[in-house]
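Fold and contact review
Listed below are the residues making up each chain.
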Amino acid sequence: MNDEGSNVQEDFTKLSTEEKLKHKNWNARASAYDELVKVFSQGEPDDVEFKKFAGRVKDFVQDAHQAAQEKGVDAAWNFVDNVNPALAGKICPELVSGIVAKCILSNRAKTKEKAIEIVMLYFELEKHEATLEELIKGLTNKSPKIVSGCAGVIRNALRVFGSKYVSIKVVLKALPPLLSDRDKNVREEAKLLMTEIYRWIGELIKPHLAALNSVQLGELEVEFAKLKEKGEKAVPEKLVRSQVKAAQVADNADGQAGASGDAAPEEEPEEVKPEDLVDPVEVLKTLPENFSEQLQSKKWTDRKEALELLDTNSNHPKLMEGDYNETVSNLKKVIAKDSNVVVVALAGKCLTNLAKGVKQKFGPCASSAVPVIIEKFKEKKVNVVTVMREAIDACYLSLTLESITESVLEGLAHKTPSVKAETALFLTRCFCKCNPEDLPKKLLKVYVEALLKNIGDPDASVRDSSSEALGTALKVVGEKAMAPFIGTIDDDLKKAKITDYCKNAVITAPRRKAAPAAPAKTEAPPAKAADAKNVKKPVARPTAAKAPAKAAAEVKKPPSEPDDDDTPAITPETPSEQAPRRTVVKAGKAAPAAKGKAAVVEDSGPNIIVQPNAKKQRANDEKLLKTLKWSFQTPTKEFIQQLQDQMMGKDAPCFSSNLLAWFFSADFKNQIKAIQALQEDLNVKREPTIAVIDLILKWFSLRFFDSNPQVLAKGLEYLQLLFAKLSEDPVYQLTDGEVNCFVPYLLLKIGDPKDTVKVGIKNIVQQLCSLTAPTKIYAFLADGMKSKNAKQRSECIDLATWVMETYGMEACVPSPEVAIKLVSQQIGDRDANVRNAALNYLLFAFGLIGDKVLTFTKALDEKDRSMLMERLKRAPKKAAPEVVPQPKPHATVRPNPKASIAVRPTQQEDAPQAVDIPDSASDSGASTTSKGSKGTAEATVAPRAIKGEQQQQTISRPATVTIRRTAPTLIPISEADLNAALGEVPIPKRSQSMAAASSSGMTSVFAGLLSNSPGATLQALKKIDDLVSKSVVDPTVSRNLSELYRHLSEVLRKLYTSSMPNYATNFQHIAACYGHVLHILRVLFENPRHADQTNALILSDLIHNLISTILDRRMEAMTGGADIVQTANVITLRIVDNANRTQIVCASVCLLRQLLGSGQMTDKFLDLVIKCVWRCVRKMPDTVLQLQIDPVLLEIHLFLKQFPASHWPTAADDTPFRTVKTILYTLCRMYGSDVLNHLTLVEDPENSELLSFLKRVVKSVDRNGGPGGDRERQQNGETLATNGNAKKHADNLSNIINRLGSSDQEAVQQVRALATTNQ
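Residues numbered from 1 in each chain as written. Predicted model: local features only at pLDDT ≥ 70, side-chain atom pairs only at ≥ 80, totals over all residues. Heavy atoms only, no water.

1. Side note on the overall build of the protein
Defined as follows: Secondary structure elements are defined from DSSP: runs of H or I of at least 4 residues count as helices, runs of E of at least 2 residues count as strands, and each element is numbered from the N terminus. The buried label goes to any residue with under 20% of its type's maximum accessible area, the exposed label to any with over 50%, and the partly exposed label to all in between, with areas taken from a 1.4 Å probe on protein chains only. Contact criterion: two residues are considered in contact whenever any of their non-hydrogen atoms come within 4.5 Å of each other. For every accessible area listed, the method is Shrake-Rupley and the probe measures 1.4 Å; residues are considered covered only by the protein chains on display.
A tally of regular secondary structure across the protein gives 61 helices and seven strands. Scored against the burial criterion, the 1319 residues of the protein give a buried share of 46%. By sequence separation, contacts in the protein at least 24 residues apart represent 73% of the contacts at least 6 residues apart. When the accessible surface of the protein is totalled, it reaches about 65300 Å², and 52% of it is carbon and sulfur.

Encoded structure:
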């Protein structure tokens, strides 16, 4: 009590704000909160102070002292109100959770009110999803006060911000139990919230009240009746921040002052639909596996039962998206061919359910179903025709008039009158849902001409239905647009009939509102949003949409849009001299979700306006989470709005006003205009396009979710031209952000049924491989293999095969084994194309790596494995390459001549990787050529063209060079015969002068590595790279490996600290240096003898610098940086796996200790170091003979001495301590009680914490039946030694055979030793 309630006055002025926040005295904390209120209220959104205290804001609202809590809540409010919304969103869940737990129960009115204001502020900042989630959790709290308080906050949020920001579906799920709660206040708040929901959705609430009892229903009905009497329409009372900002911009453009958010949004609130209130239902999984077979059954009852099941499961307002192609295909067969009308009607009903439930995503399936339904209109049974009408109307929900033009015209020209009549009636219903913009002149002409032919048809129903369709079209577009067509009708009676239908037609399409014209760029900068964000008073909704005076004067009605009295449209006027070459021709809502056309502005300026550093700033904003990361399943309004804002730019737009309007127009013709404009600019010069390529690729990623085939075809044409231009010299390398925002969505369309689309996408993927790392493209293709769409899976596997044969197995990430296992899972797929693609992939992989494919696919079941083996057997054999005859040696050991190809991936001029192809492996369609030279046999495998491609469309790529070898045959031979056969071979001795010269040369090379001259460092690296890349590493290098490792580590450090800050201007030199360093390390650590030539200190520095490279965020922005990071990651793992086991374990623990002691490491850095330690631990049992545990225990002793067990209970994370304990536990499991005898290097072990810990672990291991020590270790060691010796002998034999015939006496001696060992 003395800490919290003492009256003793202390001086807190000398304490920092952070110290005050941790102080036990509440006065100190209150003082800190007061200071933070001033800091937050006066700071800029991105100030460092906000980031500094972001993690503590949740504690402000949970202060144990009520007086301090009140001030803490005030500080939290100021934080949320003034900080960058992205950072506010990060702490939203924990902050709102703290408010729910501690503030809603507060007895202080001011605390409670301010806390609720914070929650409402989060709704205003559009962080509504996370906020509502925490409030919903509060509804399940045990405290009735918290429950009722949360319900009240949700009700107020719904009233103030509307159903757009408070998900009624989520609330309705949690609300019914509260209506029967024991607490009266909870029941009352639940009833008020339910009433508020009714105010927004009306009668749609009724299905969700079915579980309530009659008393509860009666009380709610009384409240609902009161709302009905008032007849008020629910509208939001307050704008969110983004709407305030938009209103300010509009008002400033119009010269109006005082834009403070006192106006409600001009758009009507979005209508809540039944499907918005329910979760989607998964239909496909409910169907039996033999569903297709049941529909083909000869018994109509079986077909009827299968369709009844589908009808029951699909009769839901919202269905989950999926691959409905197969199901719809079965339904179409039933509709077209089944002779039983009951079954046909059921199939039509199922099709209707699917179309209504899936909605927009059902477009491709609906498009294929329309012609089948139209053809079925010839059926005479009324119940079948009625179902078909409902089905085609449901399909139209996801289609456009243009997309079904061909099918409708065929129906209007059908020989059966009933088909023509029903098609015309369907067209009438479509016209009723159209605005004038939906019927452009060209499309209108096509339909009207077909209908005019039918108004003179002998069948009365055809004449009437066609006249009705023409009358409805007249009502939609007006007399002016229809006059050229109706004027051709000679019969006045027919004209009169069309006019009558026009008067009686009811157009249900909502009128589209005109958006205000884009503000001029010369306007004054808008006032700070903070000036208007605190407006809270309720506002009255304007009865008419506001438009600035200037914009209203310039808005012109489109020629095709009539007034209510069908007066002619006004023609555009000539722009005034004051306007800077811009005139608004047509206004519309410039938003992708809107159905009207966007504002089209005449602008004689350039289409692309290059803004310096704008692209770099956009990339940085996404990395710093200031903007949404471009990743989604389907694009939401937030992503579309963000793209629109980025195109508009912070200071100036990146595109002309024409292009901006076309980009976000719902009219596909305007989108095509945008693509054509981009294409024209690209043909002139590519630099402007490169400046905005990230925005262009994002825009095209949105188009892949549209269903218009013309936009898709034009888009693919442009993209192929774009990537071809980027491939021209100098090649532009796409950044990771540009690739990630585009490729995943491009591959969504690769399963398109149209060959032109598939071929276009495949060409683009091939082009992308030359503009970014093929490994990145392969990773996206691997993700595509997991798609539910069978066509997408098969095409992705085909493309992955192309990548593999073009760039080798190295492109198959994360590793060939994982890649092959993923593809092998597709062998058992139900789709034949997927199975064949998978088998072709594995067949080609077998040609590259041989029997490893069979090893990697061991997990396949018997059926799939037999399919693979059968395909390998049926593969055509390759002709054996010719080999230059060799004279038969006298010795009975006959090695087959071998060829080796040095691989240097960092140099483009080098030959591709050589691989072995076993005799049993061959590639389908592979051609071989051979040439003999010094016993070297070479074979080239021709790349396989991807299915469906033209030869001229494929991109040239290097052939993969392969070598056929025959394993050497060993014939038993005695040592005497071997000596006689080999004889004495003189070996020239290396002179001391030569050795001294080599040593001197390496000294100069090492000096070059540490030179301050970038050119000297690069030249030294190239020289070392050449020396280590030989088939046998140069002796001058192998004798100085320890020094070389130390110098390479220093080069990495210098690159990170000195070169990378200037990466933007020096990236080519940096990338070259990194490439050589990493290649040298890869070659050296592949050889166990070279990997062993280092110590713990060097390894620690080397891993430290490699991890620094991996985590360097500057790499993401640097050309080639992603490849450097990936290679550094692989090298780090190779070092951990292949280095001396004792030294690498010591190095890992030492590095861990140093990082913790420095206090400057990041969590990610520490995490990677710990992963290295764990990787060492996993390998310890397999490397027991190579491990010396005395140095390891010394390092652990030093760790525990610096960070004893008493340190960790107060630490934020004890993972490092648990990791070290795991090392000790593993050693005790391996050595048992003998581990206590290996503390020889520890000073004063008796007083060491290590000894006491080891004793406890050994006791625990012995108690749990662990190894007892020497005997088991000796047994394990003997086994390991045996296996190790066998492998060593095999490696020695291979090396010796290669060296036979040379003048190396060492090889002769090794053969003799090996022969003696094997006797």
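2. Focus: helix α59 (residues 1249-1263)
This is how it is decided: Expected span, for any helix, means 1.5 Å times one less than how many residues it has. Note that the arc is computed from the directions linking the helix axis to the C-beta atoms. Contacts described as polar in this section are N or O atom pairs within 3.5 Å, which, within protein, must combine one atom able to donate a hydrogen with one able to accept it, while residues neighboring in sequence count only if both atoms come from side chains.
In this model, α59 (15 residues) spans 22 Å end to end at C-alpha, consistent with the 21 Å of a helix rising 1.5 Å per residue. Inspection of α59 places L1250, L1251, F1253, L1254, V1257, V1258 and V1261 among the buried residues, and these make up the whole buried set. An end-on view of α59 places all buried positions within 160 degrees of arc, on one side of the element. Residues of α59 that are exposed and point over 90 degrees away from its buried face: R1256, K1259 and R1263. Those residues of α59 that are buried are in contact with α57 (1189-1202) and α58 (1215-1231). The distance from a side-chain oxygen at the start of α59 to the backbone nitrogen of L1250 is 3.0 Å, and the residue carrying that oxygen is S1248.

3. What to know about the nonpolar core
Basically, it comes down to this: The nonpolar core is taken to be a set of buried Ala, Val, Leu, Ile, Met, Phe, Trp, Tyr and Cys residues, with the residues joined through side-chain atoms within 4.5 Å.
Counting residues in hydrophobic clusters, the biggest one holds 97 residues, and the most contacted among them are F655, L719, F723, F742 and Y841. Among the elements that make up this core, the one with the highest residue count is helix α42 (residues 832-849) (11 residues). Ignoring sequence-local partners within four residues, the contact set of F723 consists of L697, L734, F742, I764, Q767, L768 and L771.

4. Some remarks on the packing of aromatic side chains
Test applied: Each pair of aromatic rings taken from Phe, Tyr and Trp, with Trp reduced to its six-membered ring, is defined by centres within 6.5 Å and is described as stacked if the planes are under 30 degrees apart, edge-to-face if over 60, and tilted in the remaining cases. Here, over-ring charges are defined by two tests on the NZ atom of lysine or the CZ atom of arginine: distance to the ring centre within 6 Å, and angle to the ring normal within 35 degrees.
Per the counting criterion, the structure on display carries 28 aromatic pairs. An aromatic cluster of at least three residues, connected via ring pairs, comprises F655, F663, F664, W699, F700 and Y718. Above the ring of W699, the side-chain terminus of R703 is found at 4.8 Å from the ring centroid.

5. Brief notes about unusual backbone geometry
A cis geometry characterises the amide bond from V813 onward to P814, with omega recorded as 0 degrees. At N613, a residue that is not glycine, the phi angle is positive and equals roughly 65 degrees.

6. Details of the side chain of T772
The residue T772 is located in the loop between α38 (755-769) and α39 (774-784) in this model. Of note is the side chain of T772, whose polar atom sits 3.5 Å from the side chain of K776. Here T772 is in contact with Q733, L734, V739 and I777, once residues within four sequence places are set aside.

7. Quick word on the pattern of salt bridges
To keep things clear, this is the line we draw: Salt bridge, as used here: a side-chain nitrogen of Lys or Arg that lies within 4 Å of a carboxyl oxygen of Asp or Glu.
Going through the model one piece at a time under the given rule, you end up with 47 salt bridges. With a closest N to O distance of 2.8 Å, D63 and R29 form a salt bridge. Taken together, the positions of D63 in the loop between α5 (57-60) and α6 (66-82) and R29 in helix α3 (residues 26-42) put the pair 34 residues apart, joining distant regions of the chain. Assigned by exposure class, D63 and R29 land together as buried. With a shortest N-O distance of 3.2 Å, E124 and K238 are connected by a salt bridge. Pair noted here: E124 is in helix α9 (residues 109-124) and K238 is in the loop between α14 (214-230) and α15 (241-253), with a separation of 114 residues, a long-range link. With a relative accessible area of 12%, K238 lands in the buried category.

8. Observations concerning the confidence of the model for the protein
Stated formally: Every residue carries a pLDDT, the predictor's confidence in it, which falls somewhere between 0 and 100.
Chain-level pLDDT for the protein is 76 on average; 75% of the residues reach the 70-or-more range. Confidence, expressed as mean pLDDT per element, reaches its minimum in the protein at strand β6 (residues 939-941) with 33 and its maximum at helix α23 (residues 417-432) with 94. Residue range residues 256-267 is modelled with pLDDT below 50. Its contacts to residues more than four positions away, or to other chains, number 32 contacts. Confidence drops under a pLDDT of 50 for residues 981-999, and excluding neighbours within four residues, the segment shows 22 contacts in the predicted structure.

9. Quick notes on helix α40 (residues 790-807)
Two residues of an α-helix separated by three or four positions point the same way, owing to the 3.6 residues in each turn. End to end, α40 covers 26 Å across 18 residues, agreeing with the expected 26 Å (1.5 Å per residue, within 8%). Of all 18 residues making up α40, 16 are buried, and the element is well covered by its neighbours. The backbone nitrogen of K791 has a side-chain oxygen 2.9 Å away, supplied by the residue at the start of α40, namely N789. G808 sits one or two residues past α40 and shows a positive phi near 85 degrees.

10. Comments concerning the environment of I1080
In this structure, I1080 sits in helix α50 (residues 1063-1086). A relative accessible area of 0% places I1080 in the buried class. Sequence separation between I1080 and L1044 is 36 residues, and the spatial gap between their C-alpha atoms is 9.9 Å. The contacts of I1080, once residues within four sequence positions are left out, are L1021, I1024, D1025, V1028 and L1048.

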